[in-house]
Structures are given as structure tokens and as C-alpha cells.
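What follows is each chain in one-letter form.
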Amino acid sequence: MENRVAVMSIIVENMEVVEQINTLLHEYGSYIIGRMGLPYRERNINIICIALDARQDVISALSGKIGSLGGVGVKTAYSSKKYTD
């Protein structure tokens, strides 16, 4: 199958799920190119940006799992190029 590069943006408004998000990101760690986390203390939210290189179904699965957590918003942008290894 073909891999795609994607960027996932996550906004966490419910701090009770941060540990669950980190567990999911650890499980998918082999697909993560890089990660940036920004605590926005003035608004009591966390902003997380993840760069991924994986099959589209893997990226969608991670996005779906994170998005199903309460108080979390997630959006994913995909590169148009596809890669085979």
C-alpha cells in the first residue's frame, strides 16, 4: 500500500484526556515524523501538531481515535503525493 505525508492538528480543551492522547501517540509513534505541543495557558487549552508518514487508513484510524475523546478537536491535512516503500 501507499504512504502519504499528513499533518494532524489537535486542540485539547479537556485536560482529563491528555494521558489518553499521549498513549495513542505512543502507539502510533513509528509513523510520527515530528510533534509540537503548545500549552496555551491563557485559554486553558493545549494545541498539538503531528507530522505523519503512513498509509491513509492508519492516519485516519489515529485521527478517529483521538477525535472520539471528549473535549478534543482534530483535523488532518494530507499531501497529494503518495509513496511506496
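A. Highlighting helix H2 (residues 56-67). Helix length check: H2, at 12 residues, gives a terminal C-alpha distance of 16 Å against a target of 16 Å (1.5 Å per residue), a fit within 8%. Along H2, the residues classified as buried are Val-58, Ile-59, Leu-62, Ser-63 and Ile-66. In an axial view of H2, the angular spread of the buried residues amounts to 130°, which keeps them on one side of the axis. Where H2 is buried, its residues touch strand E1 (3-12), helix H1 (18-27), strand E3 (45-55) and strand E4 (72-78).

B. Spatial organisation of the nonpolar core. Counting residues in each nonpolar core, the largest one holds 20 residues, and the members touching the most others are Met-8, Ile-10, Ile-21, Leu-62, Ile-66 and Val-72. Setting aside chain neighbours within four positions, we find Ile-66 in contact with Met-8, Ile-10, Leu-24, Leu-25, Val-72 and Val-74.

C. Seen up close, unusual backbone geometry. Phi is positive for Asn-44, close to 55°, though the residue is something other than glycine. Within the secondary structure layout, Asn-44 lies in the loop between strand E2 (32-40) and E3.

D. The environment of Ile-21, seen in detail. Among the structural elements, Ile-21 can be located in helix H1. We classify Ile-21 as buried; its relative accessible area is 1%. Discounting residues that sit within four places of it in the chain, Ile-21 has contacts with Val-12, Ile-48, Leu-69 and Val-72.

E. Representation of the packing of aromatic side chains in the model. Summed over all chains, the structure comprises one aromatic pair. Residues Tyr-28 and Tyr-31 carry aromatic rings whose centres are separated by 6.3 Å and whose planes lie at 45° to one another, so their mutual orientation is tilted. Note on Tyr-28: relative accessible area 11%, which makes it buried. Given a relative accessible area of 29%, Tyr-31 falls into the partly exposed group.

Conventions and cut-offs
Residues numbered from 1 in each chain as written. Predicted model: local features only at pLDDT ≥ 70, side-chain atom pairs only at ≥ 80, totals over all residues. Heavy atoms only, no water. Helix = DSSP H or I, 4+ residues; strand = E, 2+ residues; numbered from the N terminus. Expected span 1.5 Å × (residues − 1). Buried < 20%, exposed > 50% of the residue type's maximum accessible area, 1.4 Å probe, protein only. Arc of directions from axis to C-beta. Contact = heavy atoms within 4.5 Å. Core = buried A, V, L, I, M, F, W, Y, C linked by side-chain atoms within 4.5 Å. Phe/Tyr/Trp six-rings, centres within 6.5 Å; stacked < 30°, edge-to-face > 60°.

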